[in-house]
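# Working through the structure, step by step
Here's the letter readout for the chains.
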Amino acid sequence: MAPVDPEFVAAAHALDADGWCWIPQFLESAPTDALATECAALHDANLLLPAGTGATRTVSTARGDRTRWFNADALSGPQRTFADRIDALRVAFNRHLMLGLVDSESHYAVYRPGAVYARHLDRLRNDDSRVVSCVFYLNRDWHEADGGALRLHLPGGSFQDIYPHAGGLVAFLSGSFEHEVRPATRDRMSIACWMRQRPIDARR
């Protein structure tokens, strides 16, 4: 059995204890920059589409980002680097927390200045396949004054703001934390990813 990255072990322990974790350097600068360049180029070419909500992915004012899903059968070089790293994190979570994660899905997301995503839960109605939500950030030289925090709503009415600094990844239990994206003063780029278990019907 291959050794697990110690940073991923610490992330698994934090996820177990708190339901969420932060990995400040999930990828190094070069692959992060390659993903940012690709995301920006796709956006500039109008290849990102208005994002929807719910199982039917209905476009509404509750969500203001534009997205492009990764095609698992035709990943670009930068996307493959990310996918391999996410899979290593999935294996670490399974090994230490026995979550039964079988795969993941990802997309680029770009929020223009002022765009938001209203408070919501990632787990879809009548579908418990999403277990762990992850967001990987692509924004160099981001400052808190730029806004754009992911706000996790915690038990007891408190919250945790996570700013979208390039190279960092936040992971949290999809069915446990309502969250929102706060408005920013500049373009905000990320990769949203969900680690999944087998759907309900497949586990019967």
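Read on for an overview of the structure. (Residues numbered from 1 in each chain as written. Predicted model: local features only at pLDDT ≥ 70, side-chain atom pairs only at ≥ 80, totals over all residues. Heavy atoms only, no water.)

## Quick look at the overall build of the protein
- Of regular secondary structure, the protein possesses three helices and 11 strands.
- The N-to-C order of helical and strand elements in the protein reads α-β-α-β-β-α-β-β-β-β-β-β-β-β.
- Relative to a compact globule of 204 residues, whose C-alpha radius of gyration would be 17 Å, the protein shows 16 Å and is just as compact.
- Overall, the C-alpha framework of the protein stretches about 40 × 35 × 35 Å when taken along its three principal axes.
- Here the protein, with 204 residues, has 46% of them falling under the buried criterion.
- Across the protein, the fraction of contacts at a sequence separation of at least 24, relative to all contacts at a separation of at least 6, is 79%.
- Counting only carbon and sulfur atoms, one obtains 51% of the accessible surface of the protein, whose full area is about 10200 Å². (Helix = DSSP H or I, 4+ residues; strand = E, 2+ residues; numbered from the N terminus. Rg over C-alpha atoms; globule rule 2.2 N^0.38 Å. Buried < 20%, exposed > 50% of the residue type's maximum accessible area, 1.4 Å probe, protein only. Contact = heavy atoms within 4.5 Å. Areas by Shrake-Rupley, 256 points an atom, 1.4 Å probe, with all protein chains shown as cover.)

## Re helix 2 (residues 29-44)
- Taking 1.5 Å of rise per residue, 16 residues should cover 22 Å, and helix 2 covers 22 Å from first to last C-alpha, within 8% of that figure.
- By the burial criterion, the buried members of helix 2 are Thr32, Leu35, Ala36, Glu38, Cys39, Leu42 and His43. Buried residues along helix 2 cover an arc of 165° about the axis, so they all sit on one side. Exposed and oriented more than 90 degrees from the buried face of helix 2 are Ala30, Thr37 and Asp44.
- On its buried face, helix 2 sits against strand 3 (66-69), helix 3 (77-97), strand 4 (103-111), strand 6 (130-137) and strand 11 (188-196). (Expected span 1.5 Å × (residues − 1). Arc of directions from axis to C-beta.)

## Points about the packing of helix 1 (residues 6-18) against helix 3
- Relative to each other, helix 1 and helix 3 sit at 55°, their axes nearing to 9 Å. Classified by the angle between their axes, helix 1 and helix 3 sit oblique to one another. The way helix 1 lies across helix 3 gives a crossing that is right-handed. Judged by residue contacts, Glu7, Phe8, Val9, Ala11, Ala12, Leu15 and Asp16 of helix 1 engage Arg85, Ala88, Leu89, Ala92, Phe93, His96 and Leu97 from helix 3.
- Residue composition of the contact of helix 1 with helix 3, grouped by class: 10 nonpolar, one polar and three charged. (Axes fitted to C-alpha atoms, helices over the stretch in contact; angles between N-to-C directions. Parallel < 35°, antiparallel > 145°, perpendicular 65-115°, else oblique. Left-handed = near helix turned anticlockwise from the far one by under 90°. Nonpolar A, V, L, I, M, F, W, Y, C, P; charged D, E, K, R; others polar.)

## Points about the pattern of salt bridges
- As enumerated under the stated definition, the model contains 13 salt bridges in all.
- The partner of Asp87 in a salt bridge is Arg90, and the shortest N-O contact between them spans 2.8 Å. In this pair, Asp87 and Arg90 are both assigned in helix 3, three residues apart and thus about one turn of the helix distant.
- You can call Arg90 buried: its relative accessible area is 13%.
- Bridged by salt links that share partners, the residues Asp103, Glu105, Arg130 and Arg196 form one connected network. (Salt bridge = Lys/Arg side-chain N within 4 Å of Asp/Glu carboxyl O.)

## So, the pairing of strand 8 (residues 159-162)
- Two strands pair when backbone bridges link them, and strand 7 (residues 150-153) and strand 8 are joined in this way by four bridges, in the antiparallel orientation. Note on strand 8: the bridge partner recorded for His153 is Phe159.
- Adjacent in sequence and paired antiparallel, strand 7 and strand 8 are bridged by five residues, among which Gly156 carries a positive phi angle near 90°. (Pairing = 2+ DSSP bridges.)

## Observations concerning the layout of surface pockets
- Each pocket or cavity is described by its volume, and for the largest pocket that value is around 750 Å³.
- What lines the largest pocket is a set of 44 residues, among which Gly52, Arg63, Tyr117, Arg130 and Trp194 lie closest to the centre.
- Of all the elements in the fold, those that place two or more residues in the lining of the largest pocket are strand 2 (49-50), strand 3, strand 4, strand 5 (117-120), strand 6, strand 10 (179-181) and strand 11.
- For the lining of the largest pocket, the leading source of residues is strand 11, giving six residues.
- Considering only residue class, the lining of the largest pocket consists of 21 nonpolar, 11 polar and 12 charged.
- Lining of the second largest pocket is provided by 13 residues; of these, Ala72, Leu75, Ala83, Ser104 and Ser106 occupy positions nearest its centre. (1 Å grid on protein atoms, 1.4 Å probe; cavity = no way out; pocket = protein on both sides within 12 Å on 5 of 7 lines; lining within 4 Å. Points joined across faces, edges and corners; volume = space filled by probe spheres on them.)

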